[in-house]
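The primary structure of each chain is shown beneath.
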Amino acid sequence: MRPVPHATSLRRAPVQRRSAERLARILDACAELLDEAGYDDLSTRAVAERARVPIGSVYRFFGNKRQMADALARRNLERFTERVTERLRAADDRSWRQALDAVLDTYLDMKRTAPGFSLVDFGNQIPVGTRAGPNRRVADRLTELLAAHLEREADDDLRRAFLVAVETADALVQLAFRMEPEGDEKVIAELREMLRAYLARALDR
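Residues numbered from 1 in each chain as written. Predicted model: local features only at pLDDT ≥ 70, side-chain atom pairs only at ≥ 80, totals over all residues. Heavy atoms only, no water.

**Some thoughts on the pattern of salt bridges**
Moving on, step 1. Across all of its chains, the model carries 15 salt bridges by this definition.
Moving on, step 2. For arginine 50, the salt bridge is made with glutamate 36, and the minimal N-O distance between the two is 2.9 Å. One end of the pair, arginine 50, is in helix 2 (residues 44-51); the other, glutamate 36, is in helix 1 (residues 17-37), and 14 residues separate them in sequence.
Moving on, step 3. Taking the relative accessible area as the measure of exposure, arginine 50 reaches 34% and is therefore partly exposed.
Moving on, step 4. The shortest N-O distance in the salt bridge between arginine 112 and glutamate 185 comes to 3.3 Å. In this pair, arginine 112 sits in helix 5 (residues 96-113) while glutamate 185 sits in helix 9 (residues 185-203), placing the two residues 73 residues apart along the sequence.
Moving on, step 5. What emerges from the salt-bridge pattern is a single network uniting Asp101, Asp105, Arg192, Glu193 and Arg196. (Salt bridge = Lys/Arg side-chain N within 4 Å of Asp/Glu carboxyl O. Helix = DSSP H or I, 4+ residues; strand = E, 2+ residues; numbered from the N terminus. Buried < 20%, exposed > 50% of the residue type's maximum accessible area, 1.4 Å probe, protein only.)

Right under this line is the structure:
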């Protein structure tokens, strides 16, 4: 399957609870159909039918399926952040290694179980040479979250370290899931050790 193209944000943000619930159903339907048919065969009409909403409701929020996929990716990032935060709060210590395990294990769990996540996760990769993109969004979010958890300053060195870690994890998780449907455990173990060795330079001081 081809990667999901880059897209823009919502046409119109939901204001009322009913509208927010309808948007959630649309994104749920989008995720289910991505798993079933892939991005190429996704359509706004199919999403509307699955969500049991008028096609006009879909177009109220999205001009096309690219925007739907982008909104799903952004929702994935919010849910990922919430789950990581919950794991960190429940952790029995504040070591960065345990925090790293919480981040990686949460991502792997969503990769295996969250509808549509295996194809969209946090968004597609943008053209080389531009600064913004899903991996940078994830790295920035994790920097703020983990810096607070570890009581560290979110300085440029830490941001760079987490960006490199996120880019590395993205590439090797993709490899692991190409090798095995649930992710090759040996590749994941290598990734975990690689991240620990790399991040130790920035965090063990």
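Picking up after the structure, the text goes on.
**Focus: the packing of aromatic side chains**
Moving on, step 1. Evaluation of the coordinates by the stated rule reveals 6 aromatic pairs.
Moving on, step 2. With 6.2 Å between their ring centres and 55 degrees between their planes, phenylalanine 61 and phenylalanine 62 make a pair best called tilted.
Moving on, step 3. Measuring from ring centre to ring centre gives 5.5 Å for tyrosine 107 and phenylalanine 117, while their planes differ by 65 degrees; the resulting arrangement is edge-to-face. Of this pair, tyrosine 107 sits in helix 5 while phenylalanine 117 sits in helix 6 (residues 117-120); the two residues are 10 residues apart in sequence, bridging distant segments of the chain. (Phe/Tyr/Trp six-rings, centres within 6.5 Å; stacked < 30°, edge-to-face > 60°.)

**Quick look at the side chain of asparagine 76**
Moving on, step 1. With respect to the element layout, asparagine 76 can be found in helix 4 (residues 65-90).
Moving on, step 2. Judged by relative accessible area, which is 3%, asparagine 76 ranks as buried.
Moving on, step 3. The contacts of asparagine 76, once residues within four sequence positions are left out, are Met110, Phe117, Val120, Asp121 and Phe122. (Contact = heavy atoms within 4.5 Å.)

**What about the side chain of arginine 75?**
Moving on, step 1. Along the chain, the position of arginine 75 falls in helix 4.
Moving on, step 2. Take arginine 75: its relative accessible area is 15%, and that puts it in the buried class.
Moving on, step 3. With near-sequence residues (within four places) excluded, arginine 75 lies in contact with Ala24, Leu27 and Asp28.

**Examining the packing of helix 1 against helix 2**
Moving on, step 1. The geometry of helix 1 relative to helix 2 is characterised by a closest axis approach of 8 Å and an angle of 115 degrees between their N-to-C directions. Considering the relative orientation of helix 1 and helix 2, their crossing is right-handed. Where helix 1 abuts helix 2, its residues Arg25, Ile26, Ala29, Cys30, Glu32, Leu33 and Glu36 lie against Ala46, Val47, Arg50 and Ala51.
Moving on, step 2. Of the residues belonging to the contact of helix 1 with helix 2, the class tally is 7 nonpolar, no polar and 4 charged. (Axes fitted to C-alpha atoms, helices over the stretch in contact; angles between N-to-C directions. Left-handed = near helix turned anticlockwise from the far one by under 90°. Nonpolar A, V, L, I, M, F, W, Y, C, P; charged D, E, K, R; others polar.)

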